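A closer look at the structure
The lines below spell out each chain.
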Amino acid sequence: MILINGKETAANIKMEIATEVAAMIDNGKKGPHLAAVLVGDDPASQTYVNGKEKACREVGMTSSIYRLPEETTEKEVLDIVDYLNNDDEIDGFIVQLPLPKHIDENKVIMRIKPEKDVDGFHPVNVGRMVLGLPSYISATPFGIIELIKRYKIETEGKRVVVLGRSNIVGSPIAILLSRKTYPGNATVTLCHSRTKKLKQIARSADILIVAMGQPHFVTEDMVKKDAVVIDVGIHRVPSDQTNSGFKLIGDVDFDRVASKTSYITPVPRGVGPMTIVSLIMNTLKAAKKEIYS
Ligand code: NDP
């Protein structure tokens with residue numbers, strides 16, 4: 001069994017990006033600039049945005065955070081989006097989700113210029129991704145694709161089963177792996193809460209990707225011998241083995257499943273660290289005008 005080390009891979013990618021950013025600046029070009037809009041004081045969102053700011057710092061990119069109070073109106077958020085859309089200094093930006101209930105998330109996402117939508121959530125980017133055209137791919141599926149590439153995992157002709165059909169993880173990774181390219185050319189089955197015989201389908205997978213939000217849902221009997229298992233789930237659960245009293249676990253029962261697999265991502269240090277670094281990769285693409293020239 002080979003452990004897919006997302007933490008180490010993300011660190012390597014950051015070094016590569018830092019080299020590229022330094023070269024841009026040395027050549028007299030403007031360094032990449034990522035902005036983030038954070039509305040309200042949701043602790044998880046604050047942690048994510050702080051993590052994004054830290055990653056920018058580590059690779060020498062500029063970052064700006066627009067922190068707005070919970071009671072900010074939808075119009076005020078849309079005005080900031082318009083401002084960032086038109087500010088040439090900003091290469092790409094994200095609006096951290098979830099937004100407070102009184103703000104229509106779809107309206108906000110639709111307002112972001114696709115050229116600056118480094119989260120890859122705008123329908124134009126999603127549509128381009130589906131068609132196989134250059135696009136920003138949302139961070140988690142992009143991170144998974146990068147892990148598959150860097151670990152040289154064969155996907156052509158393989159049977160991939162994705163558990164979970166969210167717009168940000170399950171659905172895009174299912175589309176990406178069925179496309180006529182590498183990583184891709186796989187035969188993909190996308191499962192969800194209405195799927196019948198889910199265990200049996202999971203057991204048929206050469207590559208099993210799990211993004212359900214159900215702690216330790218995937219057990220040993222659901223995994224074929226020598227399958228590749230990619231666990232997207234993250235859950236903070238009480239633990240008497242750590243000083244903090246908590247530990248992170250995934251959607252896969254790692255301790256029981258790992259020995260059966262050929263490759264597996266752990267939680268933590270698997271898919272998680274790749275998510276932020278993927279956003280940084282998208283920001284570099286934005287600065288280089290790689291997707292939309
Ligand atoms: P969502 O809650 O949006 O989607 C979960 C999906 O799993 C849905 O399609 C749902 O089906 C399906 N599902 C849930 N329970 C079952 C079940 N018992 N049987 C079959 N299908 C089920 O989750 P996300 O995709 O946003 O996130 C999934 C997990 O990944 C979470 O733990 C989240 O914290 C984590 N995550 C981690 C990231 C990282 O950076 N590592 C990034 C993003 C998410 P249905 O559609 O029918 O409701």
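Note that the coordinates shown come from a computational prediction; the quantities given were computed from them, not determined experimentally. (Residues numbered from 1 in each chain as written. Predicted model: local features only at pLDDT ≥ 70, side-chain atom pairs only at ≥ 80, totals over all residues. Heavy atoms only, no water.)

Moving on, we get to the domain arrangement of the chain. Segmentation of the chain into domains returns domain 1 (28-113) and domain 2 (139-272). Relative placement of domain 1 and domain 2: their C-alpha centres are 29 Å apart. (Domains from an automatic or database assignment.)

As a further point, take the site of the ligand. Lining the immediate surroundings of the ligand are 21 residues, of which Arg165, Ser166, Ser193, Gln214 and Thr275 lie closest. Serine 166 places a polar side-chain atom, nitrogen or oxygen, 2.6 Å from an oxygen atom of the ligand. At 3.1 Å from a nitrogen atom of the ligand is found a side-chain nitrogen or oxygen belonging to glutamine 214. Protein burial of the ligand: of its 930 Å² of free accessible surface, 69% is covered by the chains. Broken down by class, the residue content of the shell around the ligand amounts to 9 nonpolar, 11 polar and 1 charged. (Near = heavy atom within 4 Å. Polar contact = N/O pair within 3.5 Å; in protein donor to acceptor, adjacent residues only side chain to side chain. Areas by Shrake-Rupley, 256 points an atom, 1.4 Å probe, with all protein chains shown as cover. Nonpolar A, V, L, I, M, F, W, Y, C, P; charged D, E, K, R; others polar.)

Throughout the structure, instances matching the rule amount to 15 salt bridges. The closest approach of N and O atoms between lysine 30 and aspartate 91, which form a salt bridge, is 2.8 Å. Of this pair, lysine 30 sits in the loop between helix H1 (6-26) and strand S2 (33-39) while aspartate 91 is found in the loop between helix H3 (74-86) and strand S4 (92-95), placing the two residues 61 residues apart along the sequence. Using a relative accessible area of 35% as the deciding quantity, one classes lysine 30 as partly exposed. Aspartate 82 is the partner of arginine 111 in a salt bridge, and the nearest nitrogen-oxygen pair spans 2.9 Å. With arginine 111 in helix H4 (residues 105-111) and aspartate 82 in helix H3, this pair connects stretches of sequence that are 29 residues apart. Taking relative accessible area as the criterion, arginine 111 reaches 36% and is therefore assigned partly exposed. Classification of aspartate 82 as partly exposed rests on a relative accessible area of 22%. (Salt bridge = Lys/Arg side-chain N within 4 Å of Asp/Glu carboxyl O. Helix = DSSP H or I, 4+ residues; strand = E, 2+ residues; numbered from the N terminus. Buried < 20%, exposed > 50% of the residue type's maximum accessible area, 1.4 Å probe, protein only.)

With that out of the way, let us pick up the pairing of S2. Walk down a regular strand and you will see the side chains alternate between the two sheet faces. Counting buried residues along S2, 7 of its 7 residues qualify, which places the element largely inside the surrounding structure. Side-chain alternation along S2 places His33, Ala35, Val37 and Val39 on one buried face and Leu34, Ala36 and Leu38 on a second face that is also buried. Each parallel crossover has a hand, and for S2 linked through helix H2 (residues 43-59) to strand S3 (residues 62-68) it is right-handed. As paired strands, S2 and S4 are joined by 4 bridges and run parallel to one another. Counted as the bridge partner of leucine 34 is glycine 92 from S4. (Right-handed = clockwise from strand over helix to strand, strands pointing away. Pairing = 2+ DSSP bridges.)

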